[in-house]
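Coordinates in review
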Amino acid sequence: MQVPSLLGAPGIPRAETPKRRFLFAVPPLAGHVNPTVAVGAELVRRGHTVAWTGHRATLEPLLRAGARIFSAEDDAFAARLTAAREEWLRLRGPAALRFLWEEFIVPLGHAMMPGVETALDRFRPDVVISDQIVLAAPVAARHRAIPWATSATTSAEFTRPLAGMPLVEAWVRDRIGDFQLDHGIEDLLDLRFSDHLVLIFSTGALVGDTSFFPDHFAFVGPALDRPAGAAFPWEWLDGRPGVLLTLGTLNGPAGERFYRVAADAVRDLDVQAVFVAPPGTLDDPPPNVLVREYVPQLRLLQRMSAVVCHGGHNTVCESLAQGLPLVVAPIRDDQPVIARQVEAAGAGVQVRFGRVRAAELRDALTTVLASDAHRAAAEAVRDSFAAAGGAAEAADRLEKLA
């Protein structure tokens, strides 16, 4: 009698994970799409079928060629976004939060609902992965008894940033509850947190203590693989310390002031600075500053020594994944929370976005460039990210959910 081989043929063949269908539901915001690109690519590599539903014009430049997209957009809502964005940029604090929910998140949920439902019925996914601010996908999935996971592209919600304002926190939950009631669900859940699986693209090294979260809250670290995108003049980099400065895409006129201050701050430093900024932001940049509208950020970070940014979760995590210390100038929303996380981890310093002067920014940048402590803290976060598994760990969790 032959003893079966533990390694497969000619004995017992290895069991394979059944091939499944996964649908990502995302808002028209690049930072919320980017982590899903890496997770989707990993699922495809494993033989699964993957699709996205959302705003096609936003998705097409961010996804790999040939990615399957189901449109979930409303022309009337899209037309209002530009005017709404201008008003939102003028707001701060609770007023900005109220506007975000009343004029963007809840209307986006209603606008996306028909397209998401069509995507579910046509694609027939085994699992739906919904961004935290896409309210339509969890509701549609619950109607069809499809397992759903949360894609949390920022870790801010997991620190209860509104705990000091219980009335505001309750108001947000009421908006989420009302949305479910509007669409025929009376068994209310907080749609920001799936009761099946929550994928958080960070770790305790940045967030803080995560031991009290339930097992289905998976701190997988950043998911970093996506198309390279823009070209870059790599020959411009000459070996001096490199600094990347980026403020994301939603910063308004105040961003122009910050870029001018930053140009003065680095003018006399022995560094090369790459500013990611719209054309015309700096009319006469110093010789050691290169202004580009778009950069291949993941590749470029491998050549940098430090990063100055607005505290966007993706940029912070992508920088720390390279062990780079940060100067963080938060503007709004979750960015002050992320900035505090960076400082608490020892991986960078915070400056005031709207009030910082060139001397203060220069001091902050020279501090993180010269400080062994800040670099060591950034490298400790980097190591925690690598151990968490990133896109591969997220895919493992989703396979188990399917």
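Residues numbered from 1 in each chain as written. Predicted model: local features only at pLDDT ≥ 70, side-chain atom pairs only at ≥ 80, totals over all residues. Heavy atoms only, no water.

Per an unreviewed UniProt entry, the recorded name for the chain is Glycosyltransferase family 1 protein, and the organism is Actinomadura montaniterrae.

**Let's talk about the sheet that holds strand β7 (residues 217-219)**
The seven strands lie next to each other as β3-β2-β1-β4-β5-β6-β7, forming an open sheet whose pairing is parallel. Since the sheet does not close on itself, it has two edges, and those belong to β3 (68-71) and β7, each with one partner. For this sheet, the mean inter-axis angle between neighbouring strands, taken without regard to orientation, is 25°. In terms of strand pairing, strand β5 (residues 148-152) meets strand β6 (residues 197-200) through four bridges, oriented parallel. Each residue of the ladder has a partner; that of Ser151, found in β6, is Leu199. Most of the contacts of helix α4 (residues 93-123) go to strand β2 (residues 49-54), to which it runs at about 165°, and overall it touches β1 (21-25), β2, β3 and β4 (127-131). (Pairing = 2+ DSSP bridges. Helix = DSSP H or I, 4+ residues; strand = E, 2+ residues; numbered from the N terminus. Axes fitted to C-alpha atoms, helices over the stretch in contact; angles between N-to-C directions. Contact = heavy atoms within 4.5 Å.)

**Observations regarding the side chain of Ser194**
Note on placement: Ser194 falls in the loop between α6 (166-182) and β6. A distance of 3.2 Å separates the side chain of Ser194 from the backbone nitrogen of Leu197, its partner in a polar contact. Excluding its chain neighbours within four sequence positions, the residues that come into contact with Ser194 are Trp148, Ala149, Thr150 and His216. (Polar contact = N/O pair within 3.5 Å; in protein donor to acceptor, adjacent residues only side chain to side chain.)

**Considerations on the state of the cysteines**
With the rule as written, the count across this model stands at zero disulfides. Cys309 forms no disulfide, and the closest cysteine sulfur to it belongs to Cys317, at a distance of 10 Å. (Disulfide = S-S within 2.5 Å.)

**Section: the domain arrangement of the chain**
Splitting the chain by domain gives domain 1 (21-196) and domain 2 (234-386). Counting residues at the interface gives 16 residues for domain 1 and 13 residues for domain 2. Taken together, both faces of the contact between domain 1 and domain 2 bury some 1,200 Å²; the carbon and sulfur share is 52%. Considering only the side of domain 1, the residues that lose the most area to domain 2 are Trp88, Leu89 and Arg92, jointly responsible for 35% of the buried surface there. Scanning the region where domain 1 abuts domain 2 turns up zero salt bridges. (Domains from an automatic or database assignment. Buried area = accessible area lost by both parts, 1.4 Å probe. Salt bridge = Lys/Arg side-chain N within 4 Å of Asp/Glu carboxyl O.)

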